[in-house]
Amino acid sequence: MRTFYQKHKKTLSLFDGFFLNNTVLERGLVIAPIIVAGNTMKNAVMLSIAFVIITFITVFVSSFIPKKFPYTIRAILHTVLAAIVFIPVSILLQNFFPEAVYKTGIFLPLLVTNSLIVSKSESRFFKKTRGKMAVDLISHVLGFMLVACLVGALREILGNGTFWGNSLGMSETAPALMFPFAGFIILGFLAAALQKFRRYLNQEPKREPEASNE
């Protein structure tokens, strides 16, 4: 695996937002919704759907804003566009996840001002061609979904003994996992595991000593 990664590192970098350069675990961005509101699988899926749709549409459409506009104006337009996209997205989610929308509270609309839209649009995505930008953007938003769903599932199963609101019949649970501090701790362990795996991939493989001819 390490040899394959190092050999194709440049090509794989287009998709590293999904895992190795994950928005949440590697960069520490957009963690508040996962920590506070993503304590069940249903909440995590709902947050992920909102994040994917809002972020992708906003960043992609914003790439057409002329660069001659001052940076401040462009940043404001990014946020305004995200707020417009949020309206139909929130209506859609309300139909499919009425209880989850209520439980996530302020953290759903806060996705309008997430870091990928506000800061990374100009500093990362818009520096690439639109084709590469789309691939990179998709990998980043799916990376958020991966972490949100993993953390949400772990917290709901171990903390509440349920999955998607259905009881699993567990006799022992750890209710403390449903609180925000537990989400922060879980993210910390996952981030540490990712860093260890990243170091493993970037480590030069050991060379076998050459046999002596004598």
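This text follows the structure it describes.
Residues numbered from 1 in each chain as written. Predicted model: local features only at pLDDT ≥ 70, side-chain atom pairs only at ≥ 80, totals over all residues. Heavy atoms only, no water.

1. Section: the packing of helix H4 (residues 41-62) against helix H5 (residues 71-96)
- Remark: H4 packs on H5, axes separated minimally by 9 Å, with the N-to-C direction vectors making an angle of 145 degrees. Along this stretch, H4 crosses H5, giving a crossing that reads as right-handed. Contacts between H4 and H5 involve Met-46, Ile-49, Ala-50, Ile-53, Ile-54, Ile-57, Thr-58, Val-61 and Ser-62 on the former and, on the latter, His-78, Leu-81, Ala-82, Val-85, Phe-86, Val-89 and Leu-93.
- Among the residues forming the contact of H4 with H5, the class breakdown is 13 nonpolar, three polar and no charged. (Axes fitted to C-alpha atoms, helices over the stretch in contact; angles between N-to-C directions. Helix = DSSP H or I, 4+ residues; strand = E, 2+ residues; numbered from the N terminus. Left-handed = near helix turned anticlockwise from the far one by under 90°. Contact = heavy atoms within 4.5 Å. Nonpolar A, V, L, I, M, F, W, Y, C, P; charged D, E, K, R; others polar.)

2. Side note on the layout of surface pockets
- Here the second largest pocket defines a volume of roughly 170 Å³.
- Every residue lining the second largest pocket is listed: Thr-40, Lys-42, Asn-43, Glu-99, Ala-100, Lys-103, Glu-156, Asn-160, Thr-162, Trp-164 and Gly-165.
- Considering each element in turn, the lining of the second largest pocket owes the most residues, three residues, to helix H6 (residues 98-104).
- Among the residues making up the lining of the second largest pocket, the classes are represented as two nonpolar, five polar and four charged. (1 Å grid on protein atoms, 1.4 Å probe; cavity = no way out; pocket = protein on both sides within 12 Å on 5 of 7 lines; lining within 4 Å. Points joined across faces, edges and corners; volume = space filled by probe spheres on them.)

3. A short note on the side chain of Ser-62
- Note that Ser-62 resides in helix H4.
- Among the residues examined, Ser-62 registers a relative accessible area of 2% and is labelled buried.
- Sequence-distant contacts of Ser-62, that is, excluding residues within four places in its chain, are made with His-78, Leu-81 and Phe-126. (Buried < 20%, exposed > 50% of the residue type's maximum accessible area, 1.4 Å probe, protein only.)

4. Describing H5
- Its 26 residues give H5 an end-to-end C-alpha distance of 37 Å, which sits within 8% of 38 Å, the value for a rise of 1.5 Å per residue.
- The largest bend along H5 reaches roughly 30 degrees and is located at Phe-86, with the proline Pro-88 sitting one to four residues downstream.
- Along H5, the residues classified as buried are Arg-74, Ala-75, His-78, Leu-81, Ala-82, Val-85, Phe-86, Val-89, Ser-90 and Leu-93.
- Residues of H5 that are buried make contact with H4, H6, helix H7 (115-118) and helix H8 (120-123). (Expected span 1.5 Å × (residues − 1). Bend = angle between axes of the 7 residues up to and from the residue.)

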